[in-house]
Amino acid sequence: MNSAPLTRRIAQASGIVMASVLASRVLGFFRDWTVAHQIGSNATTDAFYAAFTLPDFLNYLVAGASLSATFIPVFNKFAAENREDVGWHVFSTVVTSMGILLSALVVVGEIFAPHLMELIAPGLSPGEKTRAIFLTRIMLPAQICFYQGSILSAVQYAKGQFVIPSLAPVVYNLGIILGGVLLSPRIGITGFSVGVLGGALAGNLLLQVYGAKRAGARFRPNLDLRHPGFWMFVKLTIPIMLALSLVFTDDWIMRWFASYQANGSISWLNYAKTLMRVPLGVVGQAVGVASFPFLARLYSEGKLEELNRTMNATLKGLILLLMPLSALTIAQAVPVVYLVYSHTRLRSGDLHSIAIALVVFSLSMFAWGAQNILARGFYAARDTMTPAITGTALTFLNLPLYWWLGHRNQYLGLAMASSAGIIAYSLLLFVLLNRRTKNRETAGMVWFFLKITAASALAGGVCFKLANALQGPIGWNTPLHALLVLVIVSSVGFVTTGLIAKLFRVRELDIYLAKLRLTKKPAY
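Residues numbered from 1 in each chain as written. Predicted model: local features only at pLDDT ≥ 70, side-chain atom pairs only at ≥ 80, totals over all residues. Heavy atoms only, no water.

### Some points on helix α16 (residues 365-380)
Because the α-helix completes a turn every 3.6 residues, residues three or four places apart line up on one side.
(1) Moving on: The end-to-end C-alpha separation of α16 is 23 Å, in line with the 22 Å expected for 16 residues at 1.5 Å each.
(2) Moving on: Burial runs high along α16: 16 of the 16 residues are buried.
(3) Moving on: Two residues or fewer past α16, R382 is found with a positive phi of approximately 60 degrees. (Helix = DSSP H or I, 4+ residues; strand = E, 2+ residues; numbered from the N terminus. Expected span 1.5 Å × (residues − 1). Buried < 20%, exposed > 50% of the residue type's maximum accessible area, 1.4 Å probe, protein only.)

Okay, structure coming up:
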């Protein structure tokens, strides 16, 4: 398998996923905008976002968010051995057994939701706790749709089909938006929770059933729990189930501490992190999802040298995109927030709080994207233990930082602790993965990162000055003016970053631009 065509296939798959993630993030914008427009930022929205914690934890407990990472290596192993029928048997075992387990856990969650809410958001007022419990009970069954949809998506990824799985978050966000727009005038914030359940059923389950069938999935219910393939899946899944990695727990920890802070703190953090996740999701999530099946296949075929080359190229492409985006987001945080939220029930103080939190979260944008790739490097090698242990250790080590910075700087301190923790996690994963794979390009990767960081920081400084200079003649207090500022400043920022990168002799920039020009040429 030649590395150039492989890298091209990853790029093509990433393009498909990027398009869907972009659509999903735009809808995610509109979803949160709809919440802000209909409800605002107050104790009610804090209860709504706190209500996601138990369903999210339940999904995490069964490693639902990591199913692609744990099932694809198992399926690819049997496919590489020309035993795909065995892979489908294991697929059926996982769907049947884990579906039964998750249904039981949902019932337990419904029963004990009041007691669990005391642990999740102890600082909420009694009235808002009651509201959060009610909303939690509505959203809990959606986790069955998420889990089964994830395993159905995994088999589509393993077959190199990315379009239908990529539509799941789009349909899901549409469900939430429609629930809010159509139902919130009658039943308030509850309408959004009903939308969560409806969107999960339509996008994450029913659509993926169609996609898996189209990919040739063969399902026969069974409980063959002694099958070696099922036990391989369990061994890969257990470390993720038992771990408390910062990647998954960060939002829960921030909500817990923020529940003791001023009304709106949970909502400010959520709105700011959602904004940060837009460029992060479009680039980092897309590249991670698209590259993983190829990395897992290379490991299954024993091509470690090619795996290293592919991983290096993928990481460099990620850094080349995310670092400038991070710098531009930091430089334009205020106009970005005004563009999205100025015509909602949020007040100027809310907008200012969200903008500051966005700056802090964006400092770690590259780390959130990189850990997505680095963790998948371990998963491709069928090692889920190392990221799990590393992430759990850093979570516990970071707890005092959440407490200290949250006490000193309130919600902003929680954002600082979040960024510091994920940066430490991604750097540690980078060191451990390169040591494991004996990557000979580690020094080159570090030097590349430093040059792109310096170029992005200098360009970001220019953009910050320009954005402030434009505040007088243009302003950003209206969405149209904010959009104009963003277009002008972003254009200058990308050009400036490119010129500085050229001065720093970042040869990878020329390589990627040449590939981009090549793909635009018509084929004859």
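### Quick notes on the pattern of salt bridges
(1) Moving on: Applying the stated criterion across every chain, the model contains 10 salt bridges.
(2) Moving on: Between R277 and D251 there is a salt bridge, and its shortest N-O distance comes to 2.8 Å. Residue R277 is found in helix α12 (residues 265-300), and its partner D251 is found in helix α11 (residues 246-258); the two are separated by 26 residues along the sequence.
(3) Moving on: Several salt bridges share partner residues, and in doing so they unite D250, D251, K273 and R277 into one network. (Salt bridge = Lys/Arg side-chain N within 4 Å of Asp/Glu carboxyl O.)

### As for the confidence of the model for the protein chain
(1) Moving on: Residue-level pLDDT values for the protein chain average 85, and 88% of them are 70 or greater.
(2) Moving on: Put simply, helix α20 (residues 507-520) is where the protein chain has its lowest mean pLDDT, 63, and helix α9 (residues 190-214) is where it has its highest, 94. (pLDDT = per-residue confidence, 0-100.)

### With respect to the packing of aromatic side chains
(1) Moving on: In the structure shown here, the tally under the stated rule is 19 aromatic pairs.
(2) Moving on: Ring geometry for W256 against F257: centres 5.1 Å apart, planes inclined by 85 degrees, an arrangement best described as edge-to-face.
(3) Moving on: The ring of F78 carries K77 above its face, with NZ or CZ at 5.1 Å from the centroid.
(4) Moving on: Against the face of F448 rests K316, its NZ or CZ located 5.7 Å from the ring centre. (Phe/Tyr/Trp six-rings, centres within 6.5 Å; stacked < 30°, edge-to-face > 60°. Lys NZ or Arg CZ within 6 Å of the ring centre and 35° of its normal.)

### Topic: the environment of I373
(1) Moving on: Mapped onto the secondary structure, I373 falls in helix α16.
(2) Moving on: I373 sits in the buried class, given a relative accessible area of 0%.
(3) Moving on: I373 sits 56 residues away from L429 along the chain, and the two C-alpha atoms are 9.9 Å apart.

### Observations regarding unusual backbone geometry
(1) Moving on: The backbone of N82 sits at a positive phi, close to 60 degrees, despite the residue not being glycine.
(2) Moving on: Within the fold, N82 resides in the loop between α4 (67-80) and α5 (84-120).
(3) Moving on: Even without glycine at this site, Q410 takes up a positive phi of about 55 degrees.

### Concerning the packing of helix α14 (residues 333-341) against helix α19 (residues 479-503)
To characterise two packed helices, one gives the angle between the axes of the helices and the distance between these axes.
(1) Moving on: Look at α14 against α19: their axes get within 8 Å of each other, and the N-to-C directions meet at 140 degrees. Between α14 and α19, the angle is such that the two are oblique. Seen from above, α14 lies across α19 with left-handed handedness. Here α14 contributes P335, V336, Y338 and L339 to the contact with α19, which in turn contributes P479, A482, L483, V485 and L486. (Axes fitted to C-alpha atoms, helices over the stretch in contact; angles between N-to-C directions. Parallel < 35°, antiparallel > 145°, perpendicular 65-115°, else oblique. Left-handed = near helix turned anticlockwise from the far one by under 90°. Contact = heavy atoms within 4.5 Å.)

### Structural notes on the packing of helix α15 (residues 348-362) against helix α17 (residues 385-437)
(1) Moving on: Here α15 crosses α17 at 15 degrees, and the two axes come no closer than 8 Å. What the angle tells us is that α15 and α17 run roughly parallel. Judged by the sense of rotation from one axis to the other, the crossing of α15 with α17 is right-handed. Contacts from S353, I356, A357, V360 and F361 of α15 reach α17 at Y411, L412, A415, M416, S418 and S419.
(2) Moving on: Residue classes in the contact of α15 with α17 are distributed as 8 nonpolar, 3 polar and no charged. (Nonpolar A, V, L, I, M, F, W, Y, C, P; charged D, E, K, R; others polar.)

### Let's talk about helix α13 (residues 304-331)
(1) Moving on: Here α13 is 28 residues long and its end C-alpha atoms lie 40 Å apart, about the 40 Å a rise of 1.5 Å per residue gives.
(2) Moving on: Extensive coverage of α13 is indicated by the burial of 21 of its 28 residues.

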